[in-house]
Amino acid sequence: MNHWKVKNPRPDLSFEIAFTAAYRKAKKKYNHPAQIELACLQAQYPAVLMPIEDNDVLAGRIQFGLVGYGIQGQTGGTGYYIDEPRVTQALERQAGNAKYREDLHDLLTFWKSRNTYGQVFRNTPKEISEIIPSDKWETQPVAASPIIRMAGAYIDFDKLVHIGICGLEDEVRAALDTAAERGKDPVIYECMLGALQVLRNCCAFYQEEATAKAAVAPTAERKKEMEDLARALDGIQKHAPESMLEGLQLCWLYGLMCPLVEFGRMDVYIGDLYVHDIDNGIITEQEALKMVQSYFYLIDSLDDETDGRVIVGGYGRRNPENADRFCLVACEACRTVKEILPQFTLRFNKHTPENVWKAAMRCIGEGRTYPLLYNDDVLVPAVMNAFDVDRERAETYMPLGCGEIEFDHYSFGSPNGSLGTLKILELAIHGGYDPVSDTYLSFKSKRLDECSSYDEFVDIYKKHLERFIECQAKYERYIYDSIGSMHPFMMVTMLYDGCIERGKGIFNGGCEYLAGTLELYGNVNVANSLAAIKKLVFEEKSLSAKTLIDALDANFFGYDKERRMMLDAPKYGNDLPYVDDILVDLHNYLCQKVREQAPKVGLKSYLCVNINNAQNTTLARWVGASPDGRKSGTPMANANNPSSGSDKNGLTAMLNSIVKPSHANMAGMVQNMRFTKETWNDADGKVQYLLVDYFQRGGAQSMITVVGKDDLYNAMQHPEDYKDLIVRIGGLSARFVDLKKDVQQEIYDRTSY
Amino acid sequence: MTGQATELMAPVFDVQGFSLNDGPGIRTVVFFKGCPLSCKWCHNPESHTGRRELMFHKRLCVGCMECVKVCKHGVHETVLENGVYVHHVHPERCAGCGECLKVCCYDALSLVGDEYTIDMLYRRIEHDLRYYDISTRDGKKGGVTFSGGEPLLYMDFIESFLGKIPGVHTAIETSGFASESVIKKAAKCIDLFLYDYKVTDPIRHKQLCGVDNSTIFKNLEYLYEMNKDIIIRLPLIPGINDTPDHLDGIASLLKTHPRIERAEIMPYHTFGIGKSEELGKEPDKDMPSSGATEEDVSRWLDELHERGVMNVFRS
């Protein structure tokens, strides 16, 4: 999926071959996972680092290998990974000599059983795999699927900037010195020191390159930039960052070595250095902007469209004044770096300065889709309740990836499972049977036409949901345990609260607050479907359950009248209590049922999220026709938004509906709004006042695309003219013309006000 | 006259929440069906009569022909054209029974014009009430705007309806063509008049809009004398009514009525042509086939400014 935007990719797989040799050697020599990890880090860095590019003022381009080591899937894979299809491709191209091709064959056979993902999936306990047998959610009908990865590392950048590499080494050394008396394993500490040495090597690697580039720089300005950079790279090897450039450079290289895809509360960790440099005349505003732009371009170069978060604003910052000054530079960088990443996120509250809010509105108004807006005044209390933490902790909440909430360098809540709630409704209607795959995907139960009341059917549906939810919680725990025992992820571990002291890998007893999240897809279609069933089958009795099932099984062929009845049943998003109440009931049930699992599986919290990342389209391909009138395989509604075109009472009624489900028992819910440029830029600012009102009455979150509907139509006809058109699809922003046609059509069909 | 309200019901063809352009703040616009005028450029051809009408949205039709099976009035037909069966619609035969809508799953058919009671209309706008209180940058709040068609046809209905929403700001978008008693009633309960000024010359007005404009001017004078808030709306159609004498007339009106807050140019657009086709009506051939351009609007503004009126804006 990712191609890591680098100008001149490596021509062959010699890195991958060398990495594999290093792993083999380490495996022979060591038993301790930290020692093996260190050997692999040494093999991987700086080998995967790529040259500084012409406009970079920070160093750190990367091309991850097709074989390698990482934490979150999006940088290649979780743990030890191999990209089999692309290695196979390389082999099929018949490149290189006989030895090279032998080595490629060796990569495939060697890693087949040793890659982390495969090991985790293969060894899944039977009690789980019997209920959730497949991880092929893209190509097979599934009710629930594991997502094997460790997503969402938010390390303590602020601490890193404060103490630097040297300070971190001191802390690890001190822990090592007392390891014996504390009964801790010294090996992990020794390996951490080794890992930090690898980081120094990376700094030195780029210092040398920057020095060389300065010598041949085409302009005096470029020469100065490269000289400054070389000095900064030298500086951070010797002391804690003393300038904004040093701070950014250290954070970036440290992040690459984790490797990270989320970049934390940047206004907090860079704010002080920025203000220091500006107020002392060390840099100009223009230079500061260029650095932030460069940081943003580097984040974009990771090419991981569902991540790359940079967060600014909100409660819980130790340096709000400096941070707010930095927010303005960050907003300007966001406005001017017209790329898909970072997913620039503004946490705001009633104290957010007007100039920050205006800068954010300007970005959105120009069609950037950023910043994503998070309302602290609603979310902080909700997070306190959902995660059972105090206010101080809640104020450190961080949305990761597509919107799952964690706590900065304290908790880990990797979303490691998905639940297709509409697929499960399809199963419940058919008594556990899946008509798409012609198999039973759940237990046998009464079919809808055997139920004597709506409540009886809903109870059966909830039992099916419960079965998969319970199993997903076990899966989450199992994935943590399995990966935790294999990988210490030392670079991340060192900057998570308490892990150094505990001397344990983050997933092996290091993390203070191990949590989990379950991604839900299809809730809105389920609520609409239940409303149709309740009204037509059980209340009006205008449609028999048998006919309804026949109509669904026929994908409505020959059942147009019945489909029209289902389409005309109340739909979520119109401020209609009949169906909105059903959605809220379903939402509350799911939130509570998911939450209840945490103590059973030994997690601090286990919460659902209602976010999106195009799975509303992908998962839906394998869901048959549904009682909301949706035809087989067509997209489901996106996150907590109404189904395409079903919000017929207008934006105001839609807003009334979407504030109904509560955030207080879950870990994130995404709300998309799309406005045409003309509406957004209305001279009296009516939309922006409307938005303020939405937030004041409990709106927690909003992702806003400002675009002309004509733009979208034209973009489908003439993609070549619309390459810069970025749209928001729930959890991510994407270049519209890169999306598949059905996804484009779905976005076009979504109502735009 | 078509569309007379009886027993306080009125035909409504659309209710639009979150309306930003028809009065201050965030508003709901209620579009009544039925109009005594017949302006050739009208962009709401579905509003002309007070009765229900069938609209066929051809681009959404998938040719399933389910409607053909259920229609008892011969509105829908399957016709062989160049070896392919296509769907033909005869809206003039439609009795408004709605059977075809019950089988069309692609929203290719709609019936415009539902008879609303006061309660029905209240329930329809209830979602929006809270938004009227939002003050926007100009400090003004929103409310309800009655449009059409010609809302003055349903003044009894409107007056009664307003009893349900006391204190809400009200506006009416009107041609001003109504009897003295109606305009007096409107003056009592409407806060803002978005008042059309279409053509200055009375003969030409009759040719283009179907009625004489003397009543319209008389009613405008009355509202002005009553100190009502008035915004003049100027539909300008290139080559049709953007004549020097009409621009003179606009300038003269604004100069002699200084309490009129402003005038807004409503540049001609062609949305009505597509809707006419969907209603099975022939669009007026005399009207331009493309909308007014930015250059047209700038020219009109310049010409009006040259005539000494500065309170004219683009809508």
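Residues numbered from 1 in each chain as written. Chains lettered and ligands numbered in written order. Predicted model: local features only at pLDDT ≥ 70, side-chain atom pairs only at ≥ 80, totals over all residues. Heavy atoms only, no water.

Summing up its helical and strand segments, chain B has nine helices and 13 strands in all. For 315 residues, the compact-globule formula gives about 20 Å, and the C-alpha radius of gyration of chain B, at 21 Å, lands near that figure. On the principal axes, the C-alpha backbone points of chain B span a range of 65 × 45 × 40 Å. When each of the 315 residues of chain B is scored for burial, the buried share is 51%. Contacts spanning at least 24 positions in sequence make up 68% of the contacts within chain B whose residues lie at least 6 apart. (Helix = DSSP H or I, 4+ residues; strand = E, 2+ residues; numbered from the N terminus. Rg over C-alpha atoms; globule rule 2.2 N^0.38 Å. Buried < 20%, exposed > 50% of the residue type's maximum accessible area, 1.4 Å probe, protein only. Contact = heavy atoms within 4.5 Å.)

Glancing now at the overall build of chain A. What chain A contains, in helices and strands, is 32 helices and 20 strands. Taken along the three principal axes of its C-alpha coordinates, chain A extends 80 × 65 × 55 Å. Out of the 753 residues belonging to chain A, those deemed buried represent 64%. For chain A, the proportion of contacts with a sequence separation of at least 24, taken over those separated by at least 6, is 76%. The distance from the centre of the 84 positive side-chain charges to the centre of the 104 negative ones in chain A is 3 Å. (Lys, Arg positive; Asp, Glu negative; His and termini not counted. Charge placed at Lys NZ, Arg CZ, Asp CG, Glu CD.)

Once that is clear, we can look at the sheet that holds strand β18 (residues 701–706) of chain A. Residue and element names in this part refer to chain A. Taken in spatial order, the five strands make up an open sheet running β6-β7-β8-β18-β17, and their pairing is mixed. Either end of the sheet is taken by a strand with one partner, and the two such strands are β6 (309–312) and β17 (672–675). Adjacent strand axes in the sheet meet at a mean angle of 25 degrees when their direction is disregarded. The pairing of β17 with β18 spans four bridges and is parallel. (Pairing = 2+ DSSP bridges. Axes fitted to C-alpha atoms, helices over the stretch in contact; angles between N-to-C directions.)

We now examine the pattern of salt bridges. Side chains bearing opposite charge may pair, as long as their charged atoms lie close to each other. Under the defined criterion, the tally for this structure stands at 72 salt bridges over all chains. Between Asp272 of chain A and Arg318 of chain A there is a salt bridge, and its shortest N-O distance comes to 2.8 Å. Here Asp272 of chain A, found in helix α12 (residues 266–279), pairs with Arg318 of chain A, found in the loop between β6 and α14 (320–336); they are 46 residues apart in sequence, far enough to count as distant. Judged by its relative accessible area of 42%, Arg318 of chain A falls in the partly exposed class. Several salt bridges converge on common partners, so that one network encompasses Asp22, Glu173, Arg233, Glu261, Arg262 and Glu264 of chain B. (Salt bridge = Lys/Arg side-chain N within 4 Å of Asp/Glu carboxyl O.)

All names here are of chain B. Domain parsing of chain B yields domain 1 (9–51 + 113–314) and domain 2 (53–111). Measuring from the centre of the C-alpha atoms in domain 1 to the corresponding centre in domain 2 gives 33 Å. The interface is formed by 10 residues belonging to domain 1 together with seven residues belonging to domain 2. With both chains or domains summed, domain 1 and domain 2 bury close to 750 Å², and 46% of this area falls on carbon and sulfur atoms. In terms of surface lost to domain 2, no three residues of domain 1 exceed Arg51, Glu278 and Leu279, which account for 66% of the buried area on that side. (Domains from an automatic or database assignment. Buried area = accessible area lost by both parts, 1.4 Å probe.)

Of the residues lining the interface, 27 residues belong to chain B; the matching set on chain A comes to 28 residues. Surface buried jointly by chain B and chain A totals about 2300 Å² across both partners, of which 53% is contributed by carbon and sulfur atoms. Counting across the interface, chain B meets chain A through two salt bridges. The residue Arg564 of chain A makes a salt bridge to Asp107 of chain B at a minimum N-O spacing of 3.0 Å. On the surface where chain B and chain A come into contact, there are 13 residue pairs in polar contact (both at pLDDT 80 or more). Across the side of chain B that touches chain A, the residue classes tally to 12 nonpolar, seven polar and eight charged. (Polar contact = N/O pair within 3.5 Å; in protein donor to acceptor, adjacent residues only side chain to side chain. Nonpolar A, V, L, I, M, F, W, Y, C, P; charged D, E, K, R; others polar.)

Moving on, we come to the nonpolar core. Judged by nonpolar contacts, the single largest core of 260 residues is most densely connected at Met244, Tyr254, Tyr295 and Phe296 of chain A. Tyr254 of chain A has contacts with Ile155, Leu160, Leu168, Leu196, Leu199, Met491, Met494 and Leu495 of chain A, leaving out every residue within four places of it along the chain. By size, the runner-up hydrophobic cluster in this structure holds 54 residues, among which are Val15, Phe146, Trp300 and Leu304 of chain B. (Core = buried A, V, L, I, M, F, W, Y, C linked by side-chain atoms within 4.5 Å.)

Bringing the sheet that holds strand β7 (residues 114–117) of chain B into the picture now. Residues and elements named next belong to chain B. Here nine strands make up an open sheet; going across it, the order is β7-β1-β2-β8-β9-β10-β11-β12-β13 and the pairing mixed. Edge strands, defined here as strands with exactly one partner in the open sheet, are β7 and β13 (312–314). Put simply, the sheet's adjacent strands are angled 30 degrees from each other on average, direction ignored. In terms of strand pairing, strand β1 (residues 9–19) meets strand β2 (residues 27–32) through five bridges, oriented antiparallel. Bridge assignment links Val15 to a residue of β2, and that residue is Val30. Lying over the sheet, helix α2 (residues 118–125) contacts β1, β2, β7 and β8 (143–147), oriented at roughly 95 degrees with respect to β7.

Residues and elements named next belong to chain B. Taken as a whole, this structure holds zero disulfides over all chains when the rule is applied. In this structure Cys35 is a free cysteine whose sulfur lies 6.3 Å from that of Cys39, the closest cysteine sulfur available. Cysteine Cys105 shares no disulfide, and the gap to the nearest cysteine sulfur, in Cys104, comes to 6.8 Å. (Disulfide = S-S within 2.5 Å.)

To continue, consider the side chain of Lys33 of chain B. All names here are of chain B. Tracing the backbone shows Lys33 in the loop between β2 and β3 (53–56). A distance of 2.9 Å separates a polar side-chain atom of Lys33 from the backbone oxygen of Arg51. A distance of 2.5 Å separates a polar atom in the side chain of Lys33 from a polar atom in the side chain of Glu53.

All right, on to unusual backbone geometry then. Backbone phi values are negative for most residues with the exception of glycine, while trans is the configuration of most peptide bonds. The step from Cys258 of chain A to Pro259 of chain A runs through a cis peptide bond, and the omega angle for that step is -15 degrees. In this model, Thr369 of chain A sits at a positive phi of 65 degrees, which is unusual for a non-glycine residue. In this structure, Thr369 of chain A sits in the loop between α15 (354–365) and β8 (372–375). One non-glycine residue with positive phi stands out, namely Asn227 of chain B, at about 65 degrees. Along the chain, Asn227 of chain B falls in the loop between α6 (214–225) and β11 (229–236).

What follows deals with helix α16 (residues 376–387) of chain A. Residues and elements named next belong to chain A. Of the positions making up α16, those classed as buried are Asp376, Leu379, Val380, Ala382, Val383, Ala386 and Phe387. For α16, the N-terminal capping position is held by Asn375, with its side-chain oxygen 3.2 Å away from the main-chain nitrogen of Asp377. After α16 finishes, the residue Asp388 shows a positive phi value of roughly 55 degrees.

Attention shifts here to the pairing of strand β4 (residues 76–81) of chain B. All names here are of chain B. Taken together, the six bridges between β4 and strand β5 (residues 84–89) define a ladder with antiparallel strand orientation. Paired with Glu81 across the strands is Val84, a residue of β5. Linking β4 to β5, which pair antiparallel, is a turn of two residues; within it Asn82 sits at a positive phi near 50 degrees.

Looking now at the packing of aromatic side chains. Enumeration over the complete set of coordinates arrives at 36 aromatic pairs over all chains. When the centroid spacing of 5.9 Å and the interplanar angle of 45 degrees are considered together, the rings of Tyr410 of chain A and Tyr513 of chain A count as tilted. With Tyr410 of chain A in the loop between β10 (404–407) and β11 (411–412) and Tyr513 of chain A in strand β15 (residues 513–521), this residue pair connects regions lying 103 residues apart in the sequence. There is no split in this pair, since Tyr410 of chain A and Tyr513 of chain A are both buried. Put simply, the rings of Phe15, Phe19, Tyr23, Tyr69, Tyr80, Phe110, Trp111, Phe412, Tyr480, Phe489, Tyr496 and Phe507 of chain A touch in pairs and so form one group of aromatic residues. Across from the ring centre of Tyr315 of chain A, 4.9 Å away, lies the NZ or CZ of Arg391 of chain A, which sits over that ring. Lying across the ring of Tyr106 of chain B, Arg563 of chain A places its NZ or CZ 5.4 Å from the centre. (Phe/Tyr/Trp six-rings, centres within 6.5 Å; stacked < 30°, edge-to-face > 60°. Lys NZ or Arg CZ within 6 Å of the ring centre and 35° of its normal.)

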